[in-house]
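This is what each chain is made of:
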Amino acid sequence: MAETIFSKIIDKSIAADILYEDELALAFSDINPQAPIHFLVIPKKPIATVNDIEEADKSLVGHLYWVAAKLAKDMGFAEQGYRAVMNCNEHGGQTVYHIHLHVLAGKPLGWPPYQDRLKV
Ligand code: AMP
């Protein structure tokens, strides 16, 4: 898989505002936040898109959601709620080809996204 900006964040060759790290995953603030709270949870294993998740990765992807929920509780927004989503490929709006869970919180978020697009 081609190296991405996220591989450089994982190996610490570029800086990020790291919120959580363990042997499998890393969470850091999004550089261009789309909500009052916006961070990304990524696997250290490079997986390009949701389509590339293999059977052996199922627990790893579940772990990303566990990290998201842990941070939501630790940061105090779990009860109010949040969105945790992965964008896939062009129509999903994916720009970095290393899977990442967007965690967005801190205000009521619009849904469904297609209606949001029509309002713009
Ligand atoms: P996506 O468009 O779903 O692929 O999301 C990629 C996200 O990565 C965007 O929300 C970007 O703002 C974010 N991003 C790109 N480069 C960095 C970086 N160096 N540090 C933190 N977030 C980044």
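These numbers come from a predicted model, not from an experiment.

Some words on the sheet that holds strand 4 (residues 82-85)
In spatial order, the strands read 1-2-3-5-4; together these five strands make up an open sheet with antiparallel pairing. Each end of this open sheet is capped by a strand with a single partner; those strands are strand 1 (18-21) and strand 4. Sheet twist, expressed as the average angle between the axes of neighbouring strands with direction ignored, equals 15°. Direction of pairing for strand 1 relative to strand 2 (residues 25-29): antiparallel, over a ladder of three bridges. Within the sheet, the bridge partner assigned to Tyr20 lies in strand 2 and is Ala27.

A word on the site of the ligand
Around the ligand sit 16 residues, and of these Asp30, Asn87, Gly93, Thr95 and His102 come closest. In the model, an oxygen atom of the ligand is placed 2.9 Å from a nitrogen or oxygen of the Gly93 main chain. For the ligand, the protein covers 84% of the area, taking 510 Å² as the surface of the free molecule. In this structure, the ligand is accommodated by the largest pocket. Contributions of two or more residues to the shell around the ligand are made by helix 1 (5-10) and strand 2.

As for the pattern of salt bridges
With the rule as written, the count across this model stands at five salt bridges. A salt bridge links Lys44 to Glu21, with the nearest nitrogen and oxygen atoms 2.8 Å apart. Of this pair, Lys44 sits in the loop between strand 3 (37-43) and helix 2 (58-75) while Glu21 sits in strand 1, placing them 23 residues apart in sequence. A relative accessible area of 25% places Lys44 in the partly exposed class. Asp57 is paired through a salt bridge with Lys45; the nearest N and O atoms lie 2.6 Å apart. Here Asp57, found in the loop between strand 3 and helix 2, pairs with Lys45, found in the loop between strand 3 and helix 2; they are twelve residues apart in sequence, far enough to count as distant.

Details of the nonpolar core
If you look at the biggest cluster of nonpolar residues, it comprises 20 residues, and the most contacted ones within it are Ala27, Phe39, Val41, Leu64, Val67, Leu101 and Val103. Looking at this core, the elements that each hand over two or more residues are strand 2, strand 3, helix 2 and strand 5 (101-105). Take this core: its biggest share by element is seven residues, from helix 2. Excluding residues that lie within four positions of it along the chain, Leu101 makes contacts with Phe39, Leu40, Val41, Leu64, Tyr65, Ala68, Ala84, Val85 and Met86. Formed by eight residues, the second largest nonpolar core is a distinct cluster that contains Phe6, Phe28, Leu40 and Val96.

The rules behind the values
Residues numbered from 1 in each chain as written. Predicted model: local features only at pLDDT ≥ 70, side-chain atom pairs only at ≥ 80, totals over all residues. Heavy atoms only, no water. Pairing = 2+ DSSP bridges. Helix = DSSP H or I, 4+ residues; strand = E, 2+ residues; numbered from the N terminus. Axes fitted to C-alpha atoms, helices over the stretch in contact; angles between N-to-C directions. Near = heavy atom within 4 Å. Polar contact = N/O pair within 3.5 Å; in protein donor to acceptor, adjacent residues only side chain to side chain. Areas by Shrake-Rupley, 256 points an atom, 1.4 Å probe, with all protein chains shown as cover. 1 Å grid on protein atoms, 1.4 Å probe; cavity = no way out; pocket = protein on both sides within 12 Å on 5 of 7 lines; lining within 4 Å. Sits in = over half its atoms within 2 Å of the grid points. Salt bridge = Lys/Arg side-chain N within 4 Å of Asp/Glu carboxyl O. Buried < 20%, exposed > 50% of the residue type's maximum accessible area, 1.4 Å probe, protein only. Core = buried A, V, L, I, M, F, W, Y, C linked by side-chain atoms within 4.5 Å. Contact = heavy atoms within 4.5 Å.

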